[in-house]
Amino acid sequence: MFKPRSTQRQTINYRNSILQFEPAKLGVQHKSSLRLEDLDIQCLVPNIDNFHFNILVVDDMMQKQLVVVVEILKYHNLIKEYDIPLDTLCQFLSEVEYKYNKKNNVFHNYDHGISVMQNVHAILLQLHQTNNSSILSLFNQIALLLSGLCHDVSHTGRTNTFEINSLSNLAIRYHDRSVLEQYHAAKSLKLLCVPNTNILQSLKSEEFRKFRRIFISNILYTDITEHFNLIKNFETKILEQNFGSQDEDIKLLSGMIIHTSDFTGGAKQFELSKQWSFKVNKKFEQQYELEGKLGYPQLPYMKDLNNLSVMAKQEAGFFKFIVRPLWQSMSKYLDNRLQKQVEYLDEKIQKWEEIANSE
Ligand SMILES: [Zn+2]
């Protein structure tokens, strides 16, 4: 069994503005008596229900860490349904944020996690307007939203290839298979196995085991090596008349939603999308340099990314052959409700191609 965290660590985790929401500070004597649904907090983050959401403009930590998550969970009635206590949610989010941000990753940080969760939320809202609106149960929805939030927890800032080539402890532990994804899932699930961060304490043990299976499956679908298989299987399966009647179908649909959401930055308007592109390329640039120093194999797509035309060429190709087909496929299932995002992707491919050719 997992042991509770030390008291010292808890003190560190309460360093941020979530402190303001510690029930004791609100004058509440018995922690468990304060329920999230009774709390009147205003979400000041714009576009929380659509694809224009931009976490990068939010510098109020409380809004970023607690309010966005509460707002989304509340929208789907999940706080009430799963009776999530405020103090536990505060501690859970504090730990999630700490694990994301402790390495100061330029891309795989808390902002990315929360953006993916929000994109899952925006896709669910579109799904709810189709004839398949009830295909995902509340249980599947909470699993999907939390998977989105946690899918890159404790990211090392390197790729799976780097972990494998460097024979890292993680690569050894997970036998080179979806090394980081397995790690993110395990680190997050550990939080749900500790009473003070287990926001799903209302689940019976059988339900928790089911949640764990779905959560792991969702996060494993964020491994890019699953990309082509996932789209191919999804596009074949949705043609079947009774799609949605099997657990396997729900697994596939959830995988598509989380994987599409993982590329949320790419489906935004160019000016915003560009910011995420620079972040991810900075990460690749750092890794390429480190691989060179350590004598590990270097991947050509990470080479010379500080040269804008090289980076632009890589971006155009990545969006064209990986991200666009994914969003297009998701959109098709949602009665073409994501066509605006597909248009943004087309516009972006064109802009990056122009930059690549003009430099
Ligand atoms: Zn991610």
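Here, the structure is the one placed above.
A brief look at the structure comes next. (Residues numbered from 1 in each chain as written. Predicted model: local features only at pLDDT ≥ 70, side-chain atom pairs only at ≥ 80, totals over all residues.)

1. Things to note about the overall build of the protein
The helix and strand inventory of the protein stands at 15 helices and 0 strands. Every one of the 359 residues in the protein was classed for burial, and the buried ones make up 40%. Counting contacts in the protein only where the partners sit at least 6 residues apart, residues at least 24 apart contribute 76% of the total. (Helix = DSSP H or I, 4+ residues; strand = E, 2+ residues; numbered from the N terminus. Buried ≥ 20, exposed ≤ 12 C-beta atoms within 10 Å, placed from the backbone. Contact = placed C-beta atoms within 7 Å.)

2. Quick word on the packing of helix α11 (residues 227-237) against helix α12 (residues 247-262)
Viewed as axis vectors pointing N to C, α11 and α12 meet at an angle of 130 degrees, and their least axial separation amounts to 10 Å. The orientation of α11 relative to α12 falls into the category oblique. Our pair here, α11 against α12, has a crossing hand that is left-handed. Mapping the contact onto sequence places Leu230, Asn233, Phe234 and Lys237 in α11 and Asp249, Leu252, Gly255, Met256 and His259 in α12. For the contact of α11 with α12, a count of residues per class yields 4 nonpolar, 3 polar and 2 charged. (Axes fitted to C-alpha atoms, helices over the stretch in contact; angles between N-to-C directions. Parallel < 35°, antiparallel > 145°, perpendicular 65-115°, else oblique. Left-handed = near helix turned anticlockwise from the far one by under 90°. Nonpolar A, V, L, I, M, F, W, Y, C, P; charged D, E, K, R; others polar.)

3. Some words on the nonpolar core
Core analysis: the largest hydrophobic core is formed by 73 residues, its most contacted members being Val69, Val120, Leu145, Leu149, Phe215, Trp327 and Leu345. Residue-level mapping places this core at the junction of two domains, with at least three residues from each of domain 1 (55-225) and domain 2 (263-359). Discounting residues that sit within four places of it in the chain, Leu345 has contacts with Gly266, Ala267, Phe319, Val323, Arg324 and Trp327. Ranked by size, the runner-up nonpolar core spans 5 residues in total, among them Leu170, Val179, Leu180 and Tyr183. (Core = buried A, V, L, I, M, F, W, Y, C linked by C-beta atoms within 7 Å. Domains from an automatic or database assignment.)

4. Notes on unusual backbone geometry
Positive phi, close to 50 degrees, is recorded for His175, a residue that is not glycine. Among the structural elements, His175 can be located in the loop between α8 (169-173) and α9 (179-192). Its identity as a non-glycine residue notwithstanding, Asp176 has a phi of 65 degrees, on the positive side.

5. A look at α11
For α11, the full list of buried residues reads Leu230, Ile231 and Phe234. Along the axis of α11, the buried positions cluster into a sector of 95 degrees, meaning they face one direction only. Exposed side chains of α11 directed beyond 90 degrees from the buried face belong to Phe228, Asn229, Lys232 and Thr236. (Arc of directions from axis to C-beta.)

6. Side note on the environment of Leu191
Structurally, Leu191 is set in helix α9. The spatial distance from the C-alpha of Leu191 to the C-alpha of Leu93 is 9.9 Å, given a sequence separation of 98 residues. Discounting chain neighbours no more than four positions away, the residues touching Leu191 are Phe92, Glu95 and Thr197.

7. Describing helix α15 (residues 339-358)
For α15, spanning 20 residues, the distance from its first C-alpha to its last is 28 Å, which sits close to the expected 28 Å at 1.5 Å a residue. Within α15 the residues assigned to the buried category are Gln341, Val342, Tyr344, Leu345, Lys348, Ile349 and Trp352. Relative to the axis of α15, the buried residues are bounded by an arc of 150 degrees and lie together on one face. Projecting away from the buried face of α15 at angles above 90 degrees are the exposed residues Glu343, Glu354, Asn357 and Ser358. Buried residues along α15 sit in contact with α13 (270-294) and α14 (308-333). (Expected span 1.5 Å × (residues − 1).)

8. Focus: the packing of α11 against α14
One can describe the packing of α11 onto α14 by two numbers: an axis separation of 11 Å at closest approach and a directional angle of 25 degrees. Compared by their axis directions, α11 and α14 come out roughly parallel. Here the hand of the crossing between α11 and α14 comes out left-handed. In contact with His227, Ile231, Phe234 and Glu235 of α11, α14 contributes Ile322, Pro325, Leu326 and Ser329. Partitioned by chemical class, the residues of the contact of α11 with α14 number 5 nonpolar, 2 polar and 1 charged.

9. What to know about the environment of Lys64
If you trace the backbone, Lys64 turns up in helix α2 (residues 61-75). Take Lys64: there are 20 C-beta atoms within 10 Å of it, and that puts it in the buried class. Residues contacting Lys64, with those up to four places away along its chain left out, are Ile55, Val58 and Ile114.

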